[in-house]
Protein chains: 2
Amino acid sequence: MAQLNKSLIGNLVTVAGWVEDIRDIGRLVFIVIRDTTGSVQAIARGESVRLAKEISRQSSVMIRGLLKESDAKDFRFEISIQDISVRSRASYPLPIDATGRINSSIDKRIDSRALDLRNPTVSTIFKVRALTSSSIRENLSTEGYLEVNTPKIIGTASEGGANLFSFDYFKKKAYLAQSPQLYKEQLIVSLDRVFEIGPYFRAEKSHTVRHLSEFISVDTEAAFVDYEYSMENLEQLIRKVVSIVSNQLRNTVMFGENPILRNNLEPITKVTYKQCLEHLSNNGEKIEFGGDLTDSSLRILGERFKGFYFITDWPTKLKPFYIQEKTEDPEVSESFDLQYGYLELASGGTRLHEKERLQSRLEQKGLRPRDFAEHLKAFDWGIPPHAGWGLGLDRLIMVLTNSQNVREVVLFPRDVERLIP
Amino acid sequence: MAQLNKSLIGNLVTVAGWVEDIRDIGRLVFIVIRDTTGSVQAIARGESVRLAKEISRQSSVMIRGLLKESDAKDFRFEISIQDISVRSRASYPLPIDATGRINSSIDKRIDSRALDLRNPTVSTIFKVRALTSSSIRENLSTEGYLEVNTPKIIGTASEGGANLFSFDYFKKKAYLAQSPQLYKEQLIVSLDRVFEIGPYFRAEKSHTVRHLSEFISVDTEAAFVDYEYSMENLEQLIRKVVSIVSNQLRNTVMFGENPILRNNLEPITKVTYKQCLEHLSNNGEKIEFGGDLTDSSLRILGERFKGFYFITDWPTKLKPFYIQEKTEDPEVSESFDLQYGYLELASGGTRLHEKERLQSRLEQKGLRPRDFAEHLKAFDWGIPPHAGWGLGLDRLIMVLTNSQNVREVVLFPRDVERLIP
């Protein structure tokens, strides 16, 4: 109830919100009214008792009455009710407890997501989400990145084409984009630095706590830089976001146990893929150079490096076709992943910008250059060297809110099983 | 070349960009280097002439040399070249003239969009676009709206279901969302004010200069308000955006002819649908109450009302099922469209928030309430009265940049014919 303040004490005020709680003790009825900004206690006496007794929990109401300071420890103010108008009656029983006192499974909560959001612990997650998006946008704009919108409907399966949703587009076959990778690179022909925050789609049959088939990605690309710059740029962004979110949440209890919000962030450790293999080998997990890091190996690495860390210099063959190899060792690429414990948050690298090398890399990867003709032609136009990264926004929000399931931080998640609400 | 300034005169500087122009006069070569922030003239003398003669237009280069003030009227600075490094060679001939001196059709330009954006007139449109999005976000946040992400993949065809793209989603039928309407309303159960800026999709076979099958929509919804508030809120937002964009563009010539950026905006006129019919009838265009305003009638209205205006109080039967009718005249609804001349930019209204009325309205519209079961259940949870609007971002950018075709203001447009690049 952000609009209530001391200067209004003694005045008639009107507040709107939902009825979180009602205690009827006969001649008095105590009503807790909440909105997204907080709650206030309202007390019905005398004539207003009759009105108060007709209210159901979770109904939307407007209450007019005299504002007083409250003696109750949970409230700063109370309102002595003069009038109650029920604007929308909630039915009874409700599918979940919206106060959060009785726990429900994430599945049941998502079935009733709009109601679930009346629980302040839940709505705070989405406030953190909005704050994170806006501080990412602000910081990238300050760094000279231009926000762009690239198409989500694409005509050719980019990046290899596995796991794309496809559909009929005016009698042509179209796909839902899984990233803006090719578009953001093309834009580097002419726009020095671009970023996009938008929805992407992956038809992957995963049943994990960190994969969804629709997700929000933050993508950047910059001209005349390499992956060292990209890592620096991403690290600075993460530091700023963490600092903004922790300042905002300093006085809320719910994420108090989250270590990254409690302390200043240490500089983010960089560890090469080869160093990871050594550490894994010392811990009984033998992976040959070129093998992907499995879930269990990422859990071992997460134990060792804690919090945020970069895994750099991946084998060229593990990375997509557009990643540039190192001149001194073509088996190794100028690439990185940003991890938080076992969770992959972002990946990036220096891009190939020479058409011939890009074409032969496509062939090495078993892809057909002619399927990428629309993309390749931009490499005839004097495209400068460039680098960039893509960051899973949903996963970053998991980290910031200390959530163990990506479904906690997405309003209406989409996965193999779930297409509603 | 924003990084160049007077304090650097007499120093060695390095600039990166593309070669916009080369004039070879034998012992001297004049090169114009441009990036997204501007251009500088570089002059090769003596030994550097040989390097300069090897460069092709539109190639990406880095040039090192001594910075001087320029005598040439088009440049503030010139660089006396010491070293040139070609970072990416452009082929010859190029598909379009990226300086904009030779006009190409919008179709040819979009075929080579990344190159087309080297034309400053074109890139400025996308700078205006980014500035518009960011000022919309900032203003809505200041007004207490929380930015949300709702799903683009939906399980039931919302709003009637015509013209949706559909596809196979793990053996279920799914659709691409054409608006966040139902989700943003559901969120009003618990979040007082929400907004979203995101891509939406419409499988409409239109061949016009103002329709695309993928477009960006700005959507808001607010609790405990009606359409009068929504119009006020939208008007204030438009005023702020116009003022920010005109301040930013004050010194650029290209949109100088755009009257809305030249003057302060007058208060936005409100005209009812019935008043529109009268004006049309006086101008020989007879439409009965309940008839939609045709293209030709909107052109007549655009002549009369100029610039921005609201058309309010539309017939209930012309508006979607979720729009509330007026108590005193149920044939008329609490609704509005924001127009700019003949172009519809936004529409909004007070929403029905009582489940029974919503159900019977669905039936009146020939829709089946059971198809909307997931949506309707949120109306059991004490959803407050609410109102909001949806604004076509692309169309607003058309107005701000004085563009006659929506394809001018969308990087990679999607329509019946076009799925690439």
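Summarised in this report is the structure supplied together with it. None of the values given here were measured: they were computed from a predicted structure.

### Re the relation of the copies chain A and chain B
In step 1: Once turned by 180° and shifted 0.0 Å along the axis, chain A lies on chain B with an RMSD of 0.1 Å. Both copies are brought into coincidence by an operation consistent with a two-fold rotation axis. Across chain A, the rotation axis passes nearest the C-alpha of A:Phe167, at a separation of 2.5 Å.
In step 2: Comparing interface residues between copies, 100% of those in chain A also sit at the interface in chain B, which points to an isologous, same-surface contact.

### Things to note about the interface of chain A and chain B
In step 1: Every contact between the two is made by 70 residues of chain A and, on the other side, 70 residues of chain B.
In step 2: No other element matches helix α4 (residues 120–142) of chain A, which puts eight residues into the side of chain A that touches chain B.
In step 3: Broken down by class, the residue content of the side of chain A that touches chain B amounts to 37 nonpolar, 19 polar and 14 charged.

### Concerning the sheet that holds strand β4 (residues 60–69) of chain A
Across a sheet, paired strands are connected by hydrogen bonds in the backbone, their directions being either parallel or antiparallel.
Residues and elements named next belong to chain A.
In step 1: The five strands lie next to each other as β1-β2-β3-β5-β4, forming a closed barrel whose pairing is mixed. Geometrically, the sheet is characterised by an average inter-axis angle of 55° between neighbouring strands, direction not taken into account.
In step 2: Across seven bridges, strand β1 (residues 12–24) lies against β4 in antiparallel orientation. When the bridges of β4 are listed, valine 13 appears paired with glycine 65.

### Quick look at the packing of α4(A) against helix α12 (residues 393–401) of chain A
Residues and elements named next belong to chain A.
In step 1: Axis separation between α4 and α12 bottoms out at 10 Å; the angle between their running directions is 125°. One finds that α4 runs oblique with respect to α12. The chirality of how α4 crosses α12 is right-handed. On α12, the residues touching Ile125, Val128, Arg129, Thr132 and Ser133 of α4 are Leu393, Leu396, Ile397, Leu400 and Thr401.

### Brief notes about unusual backbone geometry
Residue and element names in this part refer to chain B.
In step 1: Residue proline 93 is bonded to the preceding tyrosine 92 through a cis peptide linkage, with omega at -5°.
In step 2: The amide bond that connects isoleucine 420 to the next residue, proline 421, takes the cis arrangement and shows omega of -10°.
In step 3: Of note in this structure, aspartate 313 is not a glycine but carries a positive phi near 60°.
In step 4: Positionally, aspartate 313 belongs in the loop between β13 (308–312) and β14 (335–340).
In step 5: With a phi close to 60°, asparagine 402 is a non-glycine residue in the positive phi region.
In step 6: Along the chain, the position of asparagine 402 falls in the segment after α12 (393–401).

### Brief notes about the nonpolar core
In step 1: With 185 residues, the main nonpolar core has A:Leu187, A:Val189, A:Val245, B:Leu187, B:Val189 and B:Val245 as its most contacted residues.
In step 2: Beyond its immediate sequence surroundings of up to four residues, B:Val245 is in contact with B:Val128, B:Leu131, B:Thr132, B:Leu261 and B:Leu400.
In step 3: Counting residues in hydrophobic clusters, the runner-up holds 22 residues, among them A:Val29, A:Val32, A:Ile55 and A:Phe77.

Definitions and limits used
- Residues numbered from 1 in each chain as written.
- Chains lettered and ligands numbered in written order.
- Predicted model: local features only at pLDDT ≥ 70, side-chain atom pairs only at ≥ 80, totals over all residues.
- Least-squares fit on C-alpha atoms with pLDDT ≥ 70 in both.
- Contact = placed C-beta atoms within 7 Å.
- Helix = DSSP H or I, 4+ residues; strand = E, 2+ residues; numbered from the N terminus.
- Nonpolar A, V, L, I, M, F, W, Y, C, P; charged D, E, K, R; others polar.
- Pairing = 2+ DSSP bridges.
- Axes fitted to C-alpha atoms, helices over the stretch in contact; angles between N-to-C directions.
- Parallel < 35°, antiparallel > 145°, perpendicular 65-115°, else oblique.
- Left-handed = near helix turned anticlockwise from the far one by under 90°.
- Core = buried A, V, L, I, M, F, W, Y, C linked by C-beta atoms within 7 Å.
- Buried ≥ 20, exposed ≤ 12 C-beta atoms within 10 Å, placed from the backbone.

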